Amino acid sequence: MTDLIEADYRTGQIKLHGPEGFEGMRKAGRLAAECLDMLTPHVVPGVITDELDRLAREFILDHGAIPACLFYRGYSKTVCISPNHVVCHGIPGERALREGDIANIDVTVIVDGWHGDTSRMWALGEVAAKSTRLIDVTYEAMARGLAAARPGATTGDIGHAIQTYVESQRCSVVRDFCGHGLGRVFHDEPNILHFGQKGSGQVLKPGMFFTIEPMVNLGKPSVKVLADGWTAVTRDKSLSAQCEHSIGITEDGCEVFTASPKGIFRP
């Protein structure tokens, strides 16, 4: 789940984790990725979003884990499903996904106290060329952010890598939401902005855990949150896409905890 950059769920310091933390995050990240893998054959035109939420909740509970988003700050569902111009935090309900839609599904699980947080995009049936291009740009932006995540670099280096690529493709990066530290805490330090200047922000050190989850719009970056207090949409109603991994900084780069076991992070 994308961070709103609010302070009341933070510890105020960046934690550095050892081997036990990496092992805990591997288990949590794998289960989160397996949940999205499980959903993949069900994400088809006509599916009711609440049915996808039910499948995810049952999968997580059946594996002895906890759905982190369920009842988090009053949120009533297990996953967020954000189609088309919904940027993030779309609430599953009676809406059916339709032919030509694109949609992001975001899930966070808790396994033995550790959080695994990931999201990916789906294209339902035949989609417009602009939709495919937006998804491609978003995944490449994440790849560039991951490549910048290494010891001695900074959080600003990650944001700069994402922003410069996205804007070179005539798209825009959402500013209102960001990635976040996580581990035994759902939303923690540091903030991971998906825009910024090289060399700015926090220096990355081995043992840091956080998410990289760029939100990319075809139009302008401005968003608004609807009356439900959760659903964020593009102000100009342009399409939006997002993908997310949970990672840990290692001695020579980063480890992705939420890689798809089936190799279908891009269904």
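Our subject is the structure that appears above.
Here the structure is a predicted model, which means the values were calculated and not measured.

### Some details on the packing of aromatic side chains
Inspection of the entire model under this criterion finds seven aromatic pairs. Between the aromatic rings of Tyr72 and Phe186, the centroid separation amounts to 4.9 Å while the plane-to-plane angle is 55 degrees, which identifies the pairing as tilted. In this pair, Tyr72 sits in the loop between strand 1 (66–67) and strand 2 (79–83) while Phe186 sits in the loop between strand 7 (179–181) and strand 8 (188–192), placing the two residues 114 residues apart along the sequence. Given the relative accessible area of 12%, Tyr72 is considered buried. Where Tyr75 meets Trp230, the ring centres are 5.0 Å apart and the plane angle is 70 degrees; that geometry is what we call edge-to-face. Taken together, the residues span a long stretch of sequence, with Tyr75 in the loop between strand 1 and strand 2 and Trp230 in the loop between strand 11 (223–225) and strand 12 (232–234) at a distance of 155 residues. Aromatic ring contacts, followed pair by pair, group Phe22, Trp114, Phe209 and Phe257 into a single cluster. One residue, Arg266, lies across the ring of Tyr139, its end atom 4.6 Å from the ring centre.

### So, the pattern of salt bridges
Under the defined criterion, the tally for this structure stands at 12 salt bridges. Among the charged side chains, a salt-bridge network with shared partners connects Glu23, Arg26 and Glu255.

### Here we look at the side chain of His115
Its place among the elements puts His115 in strand 5 (residues 114–123). His115 sits in the buried class, given a relative accessible area of 6%. Once you skip the residues sitting within four places of it in the chain, His115 turns out to touch Met25, Ala28, Ala68, Thr108, Val109, Ile110, Leu182, Gly183, Arg184, Val185 and Phe186.

### Structural notes on the side chain of Thr108
Looking at where Thr108 falls in the secondary structure, it is placed in strand 4 (residues 102–111). Thr108 gets classed as buried once you look at its relative accessible area, which sits at 0%. Separated by 2.9 Å, the side chains of Thr108 and Asp117 make a polar contact. The contact partners of Thr108, leaving out residues within four places of it in the chain, are Met1, Ile66, Pro67, Ala68, Cys69, His115, Gly116, Asp117 and Phe186.

### Here's the deal with the environment of Lys198
Structurally, Lys198 is set in the loop between strand 8 and strand 9 (209–212). The class for Lys198 is exposed, based on a relative accessible area of 64%. Along the backbone, Lys198 and Trp230 are 32 residues apart, and their C-alpha atoms lie at a distance of 32 Å. Not counting residues within four places of it along the chain, the set of residues in contact with Lys198 comprises Gly156, Asp157 and His160.

### Here's the deal with the sheet that holds strand 11
Spatially, 3-12-11 is the arrangement adopted by the three strands of the open sheet, whose pairing is antiparallel. Each edge of the sheet is formed by a strand with only one pairing partner; in this case those strands are strand 3 (86–88) and strand 11. Strand-to-strand twist of the sheet, defined as the mean angle between neighbouring strand axes without regard to direction, takes the value 40 degrees.

Conventions used here
Residues numbered from 1 in each chain as written. Predicted model: local features only at pLDDT ≥ 70, side-chain atom pairs only at ≥ 80, totals over all residues. Heavy atoms only, no water. Phe/Tyr/Trp six-rings, centres within 6.5 Å; stacked < 30°, edge-to-face > 60°. Helix = DSSP H or I, 4+ residues; strand = E, 2+ residues; numbered from the N terminus. Buried < 20%, exposed > 50% of the residue type's maximum accessible area, 1.4 Å probe, protein only. Lys NZ or Arg CZ within 6 Å of the ring centre and 35° of its normal. Salt bridge = Lys/Arg side-chain N within 4 Å of Asp/Glu carboxyl O. Contact = heavy atoms within 4.5 Å. Polar contact = N/O pair within 3.5 Å; in protein donor to acceptor, adjacent residues only side chain to side chain. Pairing = 2+ DSSP bridges. Axes fitted to C-alpha atoms, helices over the stretch in contact; angles between N-to-C directions.

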